[in-house]
Every structure is written in structure tokens, then in C-alpha cells.
Amino acid sequence: MAKKPRPAHPTVIVTRRLPPAVEARMAELFNTRFNADDKPMSRDALASAMAQCDVLVPTVTDHIDAALIAAAPERLQLIASFGSGVDHIDLTAARQKGVIVTNTPGVLTEDTADMTMALILSVPRRLAEGEKLVRSGRWSGWSPSGMLGHRIAGKRLGIIGMGRIGRAIARRAVAFGLSIAYHNRHRLPFEVEQELQATWHEDVDSLLAQSDIVSINCPLNADSRGMIDARRIALMRPTAYFINTSRAEVTDEDALVAALSEGRIAGAGLDVYAHEPAVDARLMALSNVVLLPHMGSATFEGRDATGARVIANIRSWVDGHRPPNQVLEGWV
């Protein structure tokens, strides 16, 4: 496929509001159009945007499927996604169309690991329940049997997905006295396992059956979609806790709700949901679940760094180079 000429001053359309400093820099460098009201674009609005720009800057709320990419004119040459995940973009269709896709890996690792560790602490120790009790005005004071939770030191944390974020969580968890088990498509080098004091499980089933806390930190792809189904949830201990700050689609949400409602697992901490921004009312009714509004990476520093990475990818592309964070079809 012949290379298309790259405009020196490309038209860039951004689908959501970005930090002010990022938008100001993009406006200086490119002919940039922003989404002033910050509402997620409809499918028709996305199609219109893709027809009017050289570079599209989408986020996780934009589902760019094969049909949208196929309908885009030749003018669209780069999709510079704001975020590390790319499961919302059809990479095969983009490759066939000759559209380059970039992401922003690494910049949100520590922020997401911090939030995951906060949930690992919060759910067993019932921190959210305690905070609500104080605010309700019904707290009657300290008692030996009041608000009892579970100690996490000495427990086993099972991490599914030992990439950058999984390893960052493991480092934090070790400091709290947790032992680390993990499942990954590829086993980590011996030296890394030693550093993290981590034990590899070749299969997910054994990890679930032997963990006190399970944390989902794998990308969403064909292998991981629906991986934590009803059968696998049934393998978990009734005293186990489930944490997901990755992608909701890795888990069968109905099966998770059933297990939580019936007391077959002890609790959960969730930052992602199957039908965002809608949250299943059954989850909201459960006191043993901590619910967060997809805020695992939501720090000022992280958003600024993500924007800077998007800009670097676009500038590299404009200069005729391969963007540093180009995503290949088999990336996940």
C-alpha cells in the first residue's frame, strides 16, 4: 500500500475534553477541533468527525468499529487514542484501511496501581461501609464487635495479568504483607518473580481456587473476554474478594452479582462496569461491594502525561516517522 502524504498542519479532532494545558498545546501545534460539551459522541457524530480530519483523538468511550473505519475517507490517517487500552478500536480494520493507531502505554501505571491497592485495602476492611455509617448519623461509637473486617497481611493476592500495572500492584501488596500469585500468558523471568516474590500459576482455575483476593489487571482481548465466568467464580473461596480495575468485559457481571448476592464470595471492589455509565442496581444494593466511577487513572498528573504522549505520537507522524506508540494488530 502506497504511503499517503502527511499534512504539515493536520486537522485533529478530539472527541472529549482534555486537560487545559494539553488542549492549549494541541491548538498551537495543529488545526485542532475540540468537543466543548464533553459528551460522548454518538456513532453519527464519530462518523462525521472521521470524515473531516486527518487525525482522530478518541478515548475509551468511543467505539470505533470496522464499519466506521471502512466508511472513513482516505483523509483519515491516524487514530491517536488518549489512553493505553485499544479494545475500543478495531485494529484489523485500521490496518486494512492503512490507518495508523497509537496509544499511551505506561503513563497511568502507578495511578491505576494505587487505586487497585486502595480497593484491596478498602473491601476487606469495610472502609466504604464505615464511612457511610459515620455520615448516616447512626454510628453509636466504638465497640469490640463493631465493623469487623479482615486483616490482609498473610493473605494471598492472585493477580490476573502481570503487565506493568500487575507488577506495580504486586510491589505495593508485598509491602502490606500479602503473598503474590499470578497468571499471565507468559511466565515472568525468574529474576522478576524473585523481586516480586511472585508464584506463577499456569492456569486461571488454580489461581482463583487458592487466592484470598483476586485482582483483574489484564487487557481486554479475544482470550480474556468473559474469562471470569460463572464456572470460574464458583472456584473462588467464600471468604475471597474480587477486584477489577481493568475492563468489565473480562467478567460475567451477572455471575459476579449472583455470587456476591448469595454470599459465595465475600465482597468486591469495582471500577468498571458492563454498561457504563449505568451500574447494575443489584450491585448498588450490596453492602459488601465498593463501587468507583472508572477513576483508576484519574489524576491530574496522569491525564497531563497522557496528553503529552498523544501529542508526541501526532508530531512524530507529521514529521514522517513511525509514532513511538504505534499499536500493531497483535498488540493485545
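Residues numbered from 1 in each chain as written. Predicted model: local features only at pLDDT ≥ 70, side-chain atom pairs only at ≥ 80, totals over all residues. Heavy atoms only, no water.

The name given to the chain in an unreviewed UniProt entry is Glyoxylate reductase, with Sphingobium fontiphilum as the source organism. Of the comments in the UniProt record for the chain, the one headed Sequence similarities (unreviewed entry) reads "Belongs to the D-isomer specific 2-hydroxyacid dehydrogenase family." (UniProt positions renumbered as here; feature names shortened; annotations may be inferred.)

Caption draft 1: Here's a closer look at the side chain of Asn184. Tracing the sequence through the fold places Asn184 in the loop between strand S7 (179-183) and helix H8 (190-196). A polar side-chain atom of Asn184 sits 2.8 Å from the main-chain amide nitrogen of Met162. Among the polar contacts made by the side chain of Asn184, one reaches the main-chain carbonyl oxygen of His186 at a distance of 3.0 Å. The residues touching Asn184, leaving out its near neighbours within four places in the chain, are Gly161, Met162, Gly163 and Trp200. (Helix = DSSP H or I, 4+ residues; strand = E, 2+ residues; numbered from the N terminus. Polar contact = N/O pair within 3.5 Å; in protein donor to acceptor, adjacent residues only side chain to side chain. Contact = heavy atoms within 4.5 Å.)

Caption draft 2: Local environment of the sheet that holds strand S5 (residues 100-102). As summarised here, the arrangement of the five strands in space is S2-S1-S3-S4-S5, forming an open sheet in which the pairing is parallel. With partners counted over all chains shown, the strands left at the sheet margins are strand S2 (31-33) and S5, one partner each. On average, each strand axis in the sheet is inclined to that of its neighbour by 20°, with strand direction left out of account. Strand direction decides the pairing type here: strand S3 (residues 55-57) and strand S4 (residues 78-80), joined by two bridges, are parallel. Note that in S4 the partner of Val55 across the bridge is Leu78. (Pairing = 2+ DSSP bridges. Axes fitted to C-alpha atoms, helices over the stretch in contact; angles between N-to-C directions.)

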